[in-house]
Amino acid sequence: MKKICLKFILILLAMVVIFNSLSVTYAASKSELNQKIKETKENLNEVNSQKAESQDKVNDLSSQIQSYESQINSLKSEIETKTNEVNEMQKKLDQLEEEREKNQSLLDERLVTLYESGEVSYMDVLLSSADITQFISNYYMIETLTAADKELIQNLENEKNEIADTQSKLNASLDEIESKKTELESVQSELSKAKNEEQTKVDKLTKQSEDLEENVEEYEAQMKELDKKEKEQEAALKAKIQAAQSAAATSGTSSSGFIRPVKTGSITATMYYSSGKYHGAVDFGVPVGTPVYAAADGVVVTATWGGSDSYGYYVKIKHYNGLYTLYAHASSLVVSAGQVVKQGQLIMYSGNTGNSTGPHCHFEVRVSPGGYSNRVNPLNYL
Ligand SMILES: [Zn+2]
């Protein structure tokens, strides 16, 4: 800093205090929150994949149960059909039995009538007949009647037996179907039990997943809030800086507020090398290991290896006045990206890394973060 009015210094100091105390807090909270969001999302993915796996099992079991259900239903309808057939047969059997009984009792009655009149014999018939013609007629009639009755009864008996046989076969087949049905029902019940257990898992995982989603949403809302606050703070700081700059400008002092990055060493190159080649920076000739300081308050946006054909180890800082400074060819870095630095804070040690022909500190001022064309003459700011 050259000659800067007291007011500007005071404003800057106030800003430094506010920014450092609050912004660091935000950065830490944000990084913590980001970690939480990352972990929660990982957890959520794990739970969701478990849930999908369980759901697949439930679906598989459901379709198995469905298939058993349709087999059981087809057996049920088969049972119903066969039971109806059995019942029909029973009805028929009952009818036949009734008919047989009726015929049997008719025959019995006839026989009883004959017996009641004494022993049925040729003699009885002969004696009860008026003449031989009647006798033959009577005898023949009795013989014919009883033979027809007996045949009818036998036929009924045969038909009954046939139906009873078919009915018993049907009943056996029914038993078989019933036992098959019972077997299927038992498997189906096992499957249902397994499905219910798996469904319980799915429900539990769904609840977990919902909870985790809620957590992520909450963390993201918190993050949004932090971002908002940070942006508000940045905007407030920008306004203060502008006020400070215009105050400084009206009092005729430098508004950049940049200090030299190194305390020793003379300037060995400016925007153009002595050869006339464009350089875009100021070089300070300092030995390897010389402390290099932040030219002003700001946030480190880059602190990394820039390549052996380029900057080597270098640091880039974003300042609150919208400008960027870049320090290159370091032997080692002290700060890291995201770190808030104060003016004059040690950021690295100078060196001879990257595209450098001898130990020096290469210092750039840029009006925007990227691109060589955004470089401006640092001497206008020091
Ligand atoms: Zn240089």
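Shown above is the structure to which this text applies.
Residues numbered from 1 in each chain as written. Predicted model: local features only at pLDDT ≥ 70, side-chain atom pairs only at ≥ 80, totals over all residues. Heavy atoms only, no water.

(A) Structural view of the overall build of the protein. The helix and strand tally for the protein stands at three helices and ten strands. Overall, the protein shows an N-to-C arrangement of helices and strands of α-α-α-β-β-β-β-β-β-β-β-β-β. The buried share among the 382 residues of the protein stands at 34%. When the accessible surface of the protein is totalled, it reaches about 22200 Å², and 53% of it is carbon and sulfur. (Helix = DSSP H or I, 4+ residues; strand = E, 2+ residues; numbered from the N terminus. Buried < 20%, exposed > 50% of the residue type's maximum accessible area, 1.4 Å probe, protein only. Areas by Shrake-Rupley, 256 points an atom, 1.4 Å probe, with all protein chains shown as cover.)

(B) Region of the structure containing the packing of aromatic side chains. Inspection of every chain in the model, using the stated rule, returns six aromatic pairs. A ring pair is formed by tryptophan 305 and tyrosine 313, whose centres lie 4.8 Å apart and whose planes are at 65°; its orientation type is edge-to-face. Judged by centre distance (5.3 Å) and plane angle (50°), the rings of tyrosine 327 and phenylalanine 363 are tilted. Placement of the pair is tyrosine 327 in strand β6 (residues 324–333) and phenylalanine 363 in strand β9 (residues 361–366), with a sequence separation of 36 residues. Here the aromatic residues Phe284, Tyr327 and Phe363 are joined through ring pairs into a cluster of three or more. Over the face of the ring belonging to tyrosine 293 we find lysine 263, whose NZ or CZ atom lies 4.5 Å from the ring centre. (Phe/Tyr/Trp six-rings, centres within 6.5 Å; stacked < 30°, edge-to-face > 60°. Lys NZ or Arg CZ within 6 Å of the ring centre and 35° of its normal.)

(C) Broad picture of the pairing of β6. When you tally the buried positions in β6, you get seven out of ten residues, the bulk of the element. Bridging between strand β5 (residues 313–319) and β6 involves five bridges; their strand directions are antiparallel. Along β6, the bridge assignment pairs lysine 316 with leucine 326. Connecting the antiparallel pair β5 and β6 is a turn made up of four residues, with glycine 322 showing a positive phi of about 95°. Sheet topology places β6 next to β9; five bridges connect them, and they run antiparallel. (Pairing = 2+ DSSP bridges.)

(D) Expanded view of the side chain of serine 356. Tracing the backbone through its elements, the reader meets serine 356 in the loop between β8 (346–350) and β9. Separated by 2.6 Å, the side chains of serine 356 and asparagine 352 make a polar contact. Looking at serine 356, its side chain comes within polar contact range of the main-chain oxygen of glycine 358, at 2.8 Å. (Polar contact = N/O pair within 3.5 Å; in protein donor to acceptor, adjacent residues only side chain to side chain.)

(E) Up close: the pattern of salt bridges. One pass over the structure, following the stated rule, counts 15 salt bridges. For lysine 30, the salt bridge identified is with aspartate 227, shortest N-O distance 2.7 Å. Of this pair, lysine 30 sits in helix α1 (residues 6–116) while aspartate 227 sits in helix α3 (residues 132–250), and the two are 197 residues apart along the sequence. Aspartate 227 sits in the partly exposed class, given a relative accessible area of 27%. Here lysine 181 makes a salt bridge to glutamate 185, at a shortest N to O gap of 3.6 Å. Of this pair, lysine 181 and glutamate 185 both sit in helix α3, four residues apart, which is roughly one turn of the helix. Taken together, the salt bridges that share partners define one network made up of Glu97, Arg100, Glu157 and Lys160. (Salt bridge = Lys/Arg side-chain N within 4 Å of Asp/Glu carboxyl O.)

(F) Structural context of the coordination of the zinc ion. Protein coordination at the zinc ion: the donors are His279 (NE2), Asp283 (OD), Asp283 (OD) and His362 (ND1), at 2.0 to 2.7 Å from the metal. One can describe the site at the zinc ion as irregular: its four donor atoms subtend angles covering 53 to 161° at the metal. Overall, the relative accessible area of 5% leaves histidine 279 in the buried class. (Donors = N, O, S within 2.8 Å, 3.2 Å for Na, K, Ca; no water. Tetrahedral: all angles 85-135°; square planar, octahedral: opposite > 155°, others 65-115°.)

(G) Spatial organisation of the environment of serine 275. Take serine 275: it is sitting in the loop between β1 (266–269) and β2 (282–285). A relative accessible area of 62% means that serine 275 is categorised as exposed. Separated by 3.4 Å, the side chain of serine 275 and the backbone nitrogen of lysine 277 make a polar contact.

(H) Representation of the environment of serine 77 in the model. With respect to the helices, strands and loops of the structure, serine 77 is situated in helix α1. A polar contact is formed between the side chain of serine 77 and the backbone oxygen of serine 74, at a distance of 3.1 Å.

(I) Focus on a negative patch on the surface. Together, Asp94, Glu98, Glu99, Glu101, Glu159 and Glu162 give the surface a local cluster of negative charge. Secondary-structure elements contributing two or more residues to the negative patch are α1 and α3. Among the elements that make up the negative patch, the one with the highest residue count is α1 (four residues). The topology assignment puts glutamate 159 in helix α3. (Patch = residues over 30% accessible without salt bridge, like charges linked within 9 Å, V, L, I, M, F, W, Y side chains within 5 Å. Lys, Arg positive; Asp, Glu negative; His and termini not counted. Charge placed at Lys NZ, Arg CZ, Asp CG, Glu CD.)

(J) Expanded view of unusual backbone geometry. In the Ramachandran plot, histidine 329 falls in the positive-phi region, its phi being about 70° despite a non-glycine side chain. Relative to the helices and strands, histidine 329 is located in strand β6.

(K) Here's a closer look at the nonpolar core. Core analysis: the biggest nonpolar cluster contains 24 residues, and Phe258, Val315, Ile317, Tyr327 and Ile347 have the highest contact counts within it. For this core, the elements supplying multiple residues, two or more each, are β2, β5, β6, β8 and β9. In terms of residue count, β9 provides more of this core than any other element does, three residues in total. Once residues lying within four places of it in the same chain are set aside, the contact partners of isoleucine 347 are Val292, Tyr293, Ala294, Val315, Ile317, Tyr327, Leu333, Val334, Val335 and Val341. (Core = buried A, V, L, I, M, F, W, Y, C linked by side-chain atoms within 4.5 Å. Contact = heavy atoms within 4.5 Å.)

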